[in-house]
Amino acid sequence: MTETFPRSPDAKPPTMIDVARRAGVGLGTVSRVVNGGAGVRAETADRVRAAIDELGFQRNEVARALRPGKKSSSLALVLGDLTNPFFATIAKASLEVAGQSGFAVVLGSVDEDPEGEKRAIQELIGRQVAGLMIVPDQSDHSFLVSAGVPVVFVDRPAHGIDADIVMVDNEAGGKVATDHLLRQGHRRVAILLAPSYYTTGRRLRGYRRAHREAGVPVDESLVVLLPEGTAEEAEKATRRLMDQADPPTALFASTNFVTEGVLRGLGDNTQPAVVGFDDFRMADMLPTPVTVVASDIADLGRTAAHLLLARAAGTDTRPPQRIVLPAVLIQRGSGERPPV
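Starting afresh in each chain, residues are numbered from 1 along the sequence in its written order. Restriction of local features to residues with pLDDT of at least 70 applies here, the model being predicted, together with a cutoff of 80 or more for giving and counting side-chain atom pairs; totals for whole chains, interfaces and linings are based on all residues. Each side-chain value is worked out from all heavy atoms of the structure, with water and hydrogens disregarded.

### Considering the packing of helix α5 (residues 85-100) against helix α11 (residues 297-313)
Here is step 1: Throughout, an axis means a line fitted to C-alpha atoms (over the contacting stretch in the case of helices), and angles, computed between N-to-C directions, take values from 0 to 180 degrees. In this description a helix means any DSSP run of H or I spanning at least four residues, a strand means any run of E spanning at least two, and both kinds are numbered starting from the N terminus. At a minimum axis separation of 7 Å, α5 and α11 run at an interaxial angle of 40°. Between α5 and α11, the angle falls in the class oblique. For the pair α5 and α11, the sense of crossing is right-handed. Between α5 and α11, the contacting residues are Phe86, Thr89, Ile90, Ala93, Ser94, Val97 and Ala98 on the first element and Ile297, Ala298, Leu300, Gly301, Arg302, Ala305, His306 and Leu309 on the second.
Here is step 2: Each residue is assigned to one class: nonpolar for Ala, Val, Leu, Ile, Met, Phe, Trp, Tyr, Cys and Pro, charged for Asp, Glu, Lys and Arg, and polar for all the others, Gly among them. Here the contact of α5 with α11 is built from residues that sort into 10 nonpolar, four polar and one charged. Should an angle fall under 35 degrees it is taken as roughly parallel, and over 145 as roughly antiparallel, whereas 65 to 115 is taken as roughly perpendicular and any remaining angle as oblique. A crossing counts as left-handed when the near helix is turned anticlockwise from the far one by less than a right angle, and as right-handed when that turn is clockwise. By definition, residues are in contact when any of their heavy atoms lie within 4.5 Å.

Below is the structure:
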């Protein structure tokens, strides 16, 4: 089941979020009242019920979804643009794991939109999902502390809440890629960075660390922060780099889309070495197959889904876990070109 949440809340039926605001309580409190749970004072419960009546909230929908004694059989996954193979792979793997356990998954696609992400999450909490998997943006997620639902963050940590996180070792991956190019003899290694508050920033850390440990100064003119993480912006930036009087002899592309743009920008110029971060389809079928640093993105989704299911079932009661998956270098040819 796939749904895309709107970016504006125009003319929607009242939700549990509206009930919580009207009653002056948290979503978890509304959830317990609607679900017949314990731990809510009588006067607070009366205030919530009054808000439900005033707003005309559709209690029957919640009652059908989650009757007393019956747990929800839906998980939620909130992530970025599903046209990005990275997010699509996470979604597919999560759906497979959830389906094997008899759970449906509601997908919310809210690409780098903090307000849209918060609305989507609150909407999903109101629908009584059994758990949330979130690829978070950089906004504050402390509102989830009292949500009363297990949360697993994927690919990057969140601010304001101590929760489970399943992620790739981005800094180590950035270092592996840069180490490889420096070992080939390159001393002018450019890095093209898609904007991100966490993942590509950690890859840049790895890039700088590799230079520092190799005793090679970083030329800051070769550190390129793209205005958008698109292939088009990466292509334009690559052309500008190669038009310099002293162009780089190697390029490290921080995402799969950026790698595509770098290859377009180089065109017939086969001299610079190229290493990308994240694998992509046909990378091994190009005239010069593309060397990449990659992790098992499907495993990222599977691991997060298994952890969330265990949290939702109450079988995993450990403190919040930080699970880091390795990133490995796949040598194919483009990253093994010596400097010219």
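Don't stop here, the text continues.
### Things to note about α5
Here is step 1: Given the number of residues in a helix, its expected span is that number minus one, multiplied by 1.5 Å. Between the first and last C-alpha of α5 there are 23 Å, a value that for 16 residues agrees with the 22 Å anticipated at 1.5 Å per step.
Here is step 2: Under the scheme applied here, a residue whose accessible area is under 20% of the maximum for its type counts as buried, over 50% as exposed, and between as partly exposed, the area being computed with a 1.4 Å probe on protein chains only. Residues of α5 that are buried include every one of Phe86, Phe87, Ile90, Ala91, Ala93, Ser94, Val97 and Ala98, and no others.
Here is step 3: Where α5 is buried, its residues meet β1 (74-79), β2 (104-109), β3 (131-134), β4 (151-154), α10 (256-266) and α11.
Here is step 4: Two N or O atoms form a polar contact when they lie within 3.5 Å of each other; inside protein one atom must be a possible hydrogen donor and the other a possible acceptor, and for residues adjacent in sequence the pair counts only when both atoms belong to side chains. At the N-terminal end of α5, a side-chain oxygen is found 2.9 Å from the backbone nitrogen of Phe86, two or three residues along, and the residue is Asn84.

### Considering helix α3 (residues 42-55)
Here is step 1: Spanning 14 residues, α3 covers 20 Å between terminal C-alpha atoms, matching the ideal 20 Å at 1.5 Å per step.
Here is step 2: Among the residues of α3, Thr44, Ala45, Val48, Ala51 and Ile52 are the ones counted as buried. Take α3 and look down its axis: the buried residues cluster within an arc of 120°, on one side only. Turned more than 90 degrees away from the buried face of α3 sit Ala42, Glu43, Asp53 and Glu54, all of them exposed.
Here is step 3: A positive backbone phi angle near 70° is found at Gly56, which sits one or two residues after α3. Throughout, the arc means that of the directions going from the helix axis to the C-beta atoms.

### Some details on the packing of aromatic side chains
Here is step 1: Each Phe, Tyr or Trp ring (for Trp, its six-membered ring) is paired with any other whose centre lies within 6.5 Å, and the angle between the two planes then decides the class: stacked below 30 degrees, edge-to-face above 60, tilted in between. Tallied over the entire structure, the rule returns one aromatic pair.
Here is step 2: Judged by centre distance (5.4 Å) and plane angle (80°), the ring pair of Phe86 and Phe87 falls under edge-to-face.
Here is step 3: Working rule: Lys NZ or Arg CZ, within 6 Å of ring centre, within 35 degrees of ring normal, means a charge sits over the ring. One cation-aromatic arrangement involves Lys118 over Phe143; the distance from NZ or CZ to the ring centre is 5.1 Å.
Here is step 4: Seen from the ring of Phe277, Arg203 lies directly overhead, with NZ or CZ sitting 3.7 Å from the centre.

### Observations regarding the pattern of salt bridges
Here is step 1: When a carboxyl oxygen of Asp or Glu lies within 4 Å of a side-chain nitrogen of Lys or Arg, that pair is called a salt bridge. In total, this model carries 22 salt bridges according to the counting rule given.
Here is step 2: Residues Arg209 and Glu213 are paired through a salt bridge, measuring 3.3 Å at the closest nitrogen-oxygen approach. Of this pair, Arg209 and Glu213 both sit in helix α8 (residues 199-214), four residues apart, roughly one helical turn.
Here is step 3: Arg209 gets classed as partly exposed once you look at its relative accessible area, which sits at 29%.
Here is step 4: When salt bridges with common partners are traced through the structure, they connect Glu171, Lys175, Asp179, Arg209 and Glu213 into a single cluster.

### Re the confidence of the model for the chain
Here is step 1: You can read pLDDT as the predictor saying how much it trusts each residue, on a scale of 0 to 100. This prediction gives the chain a mean pLDDT of 87; 90% of its residues lie at or above 70.
Here is step 2: Here residues 1-11 is a poorly scored stretch, pLDDT under 50, and it has 23 contacts once near neighbours within four places are set aside; other chains count.
Here is step 3: Overall, residues 59-70 carries pLDDT values under 50, and its contacts beyond four positions in sequence, including any with other chains, amount to 12 contacts.

### A closer look at the sheet that holds strand β9 (residues 273-277)
Here is step 1: The six strands lie next to each other as β7-β6-β8-β9-β10-β12, forming an open sheet whose pairing is mixed. Since the sheet does not close on itself, it has two edges, and those belong to β7 (223-225) and β12 (328-330), each with one partner. Going across the sheet, the axis of each strand differs from the next one's by a mean of 20°, ignoring polarity.
Here is step 2: Here, any two strands with at least 2 DSSP bridges between them count as paired. Pairing of strand β8 (residues 250-253) with β9, which is carried by four bridges, proceeds in the parallel orientation. In the sheet register, Ala253 faces β9, and the bridge partner there is Gly276.
Here is step 3: Against the sheet, helix α7 (residues 170-183) touches β6 (189-193), β8, β9, β10 (291-294) and β12, its axis set at about 170° to β9.
Here is step 4: Contacting β6, β8 and β9, α10 runs over the sheet at an angle of about 160° to β9.

### Some details on the nonpolar core
Here is step 1: Ranked by internal contacts, the top residues of the largest apolar core, which has 60 residues, are Met133, Leu192, Tyr207, Leu251, Val258, Val262 and Leu300.
Here is step 2: A per-element tally of this core places α11 first, with seven residues.
Here is step 3: Once residues lying within four places of it in the same chain are set aside, the contact partners of Val258 are Leu192, Ala194, Leu226, Ala234 and Ala253.
Here is step 4: Only buried residues count toward a nonpolar core. Its members are Ala, Val, Leu, Ile, Met, Phe, Trp, Tyr and Cys residues joined through side-chain atoms within 4.5 Å. Counting 22 residues, the second-largest nonpolar core is a separate cluster that includes Val129, Ala158, Ile161 and Tyr198.

### Re unusual backbone geometry
Here is step 1: Phi at Asp155 is positive, roughly 80°, even though this residue is not glycine.
Here is step 2: Phi at Asp278 is positive, roughly 85°, even though this residue is not glycine.

### Overview of the pairing of β6
Here is step 1: Counting buried positions along β6 yields five of five residues, so the element is predominantly enclosed.
Here is step 2: Residues Val189, Ile191 and Leu193 of β6 are buried on one face, and the alternating residues Ala190 and Leu192, pointing to the opposite face, are buried as well.
Here is step 3: Looking at chain direction, β6 and β8 are connected through four bridges and run parallel. Of the residues in β8, the one forming a bridge with Val189 is Ala250.
Here is step 4: Of the strand pairs in this sheet, β6 and β7 are connected by three bridges, and their pairing is parallel. Bridging across to β7, Leu192 finds its partner in Val224.
Here is step 5: With strands facing away from the observer, any crossover in which the path from the first strand over the helix to the second runs clockwise is taken as right-handed. Read from β6 through α8 to β7, the crossover connection turns out right-handed.

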